[in-house]
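# Overview (structure and organization)
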Amino acid sequence: MDVKELREQDLPQLNEELVTILKEHFELRMQHSSGQLTDLSKLGKTKRSIAQIKTIINEKQS
């Protein structure tokens, strides 16, 4: 999801998106530990998305 689209969302929507991406990141970590993950760049992309969403949430709260 684009940062512009994330900034347009309100806090409950951002929190839902954060939970979804955290679950996805957990599943990717489990796949990586069991040797099933072939595209390791997905881990970095989800970490970046998590950081972006958390940053936007913090900006909106203050």
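Refer to the structure printed above.
Description of the structure in this document. In this text the structure is predicted, and so the values were computed from the model without any measurement.

## Let's talk about the environment of Asp-2
Within the element layout of this structure, Asp-2 appears in the segment before helix H1 (3-8). Residue classification places Asp-2 among the partly exposed residues on the basis of a relative accessible area of 40%. With 17 residues separating them in the primary sequence, Asp-2 and Val-19 have C-alpha atoms 17 Å apart.

## Re helix H2 (residues 11-33)
Over its 23 residues, H2 runs 33 Å from end to end, which matches the ideal 33 Å to within 8%, given 1.5 Å per residue. On its buried side, H2 packs onto H1 and helix H3 (41-61). Phi turns positive, to about 85°, at Gly-35, one or two residues after H2.

## A look at the side chain of His-25
The residue His-25 is located in helix H2 in this model. Polar side-chain contacts of His-25 include one of 2.6 Å to the side chain of Thr-46. Beyond its immediate sequence surroundings of up to four residues, His-25 is in contact with Leu-43, Thr-46, Lys-47 and Ile-50.

## Description of the pattern of salt bridges
One pass over the structure, following the stated rule, counts one salt bridge. Note that Glu-59 is salt-bridged to Arg-7, the shortest N-O span being 2.5 Å. In this pair, Glu-59 is assigned in helix H3 and Arg-7 in helix H1, connecting sequence segments 52 residues apart. According to the relative accessible area criterion, Arg-7 is partly exposed, its value standing at 42%.

About the criteria used
Residues numbered from 1 in each chain as written. Predicted model: local features only at pLDDT ≥ 70, side-chain atom pairs only at ≥ 80, totals over all residues. Heavy atoms only, no water. Helix = DSSP H or I, 4+ residues; strand = E, 2+ residues; numbered from the N terminus. Buried < 20%, exposed > 50% of the residue type's maximum accessible area, 1.4 Å probe, protein only. Expected span 1.5 Å × (residues − 1). Contact = heavy atoms within 4.5 Å. Polar contact = N/O pair within 3.5 Å; in protein donor to acceptor, adjacent residues only side chain to side chain. Salt bridge = Lys/Arg side-chain N within 4 Å of Asp/Glu carboxyl O.

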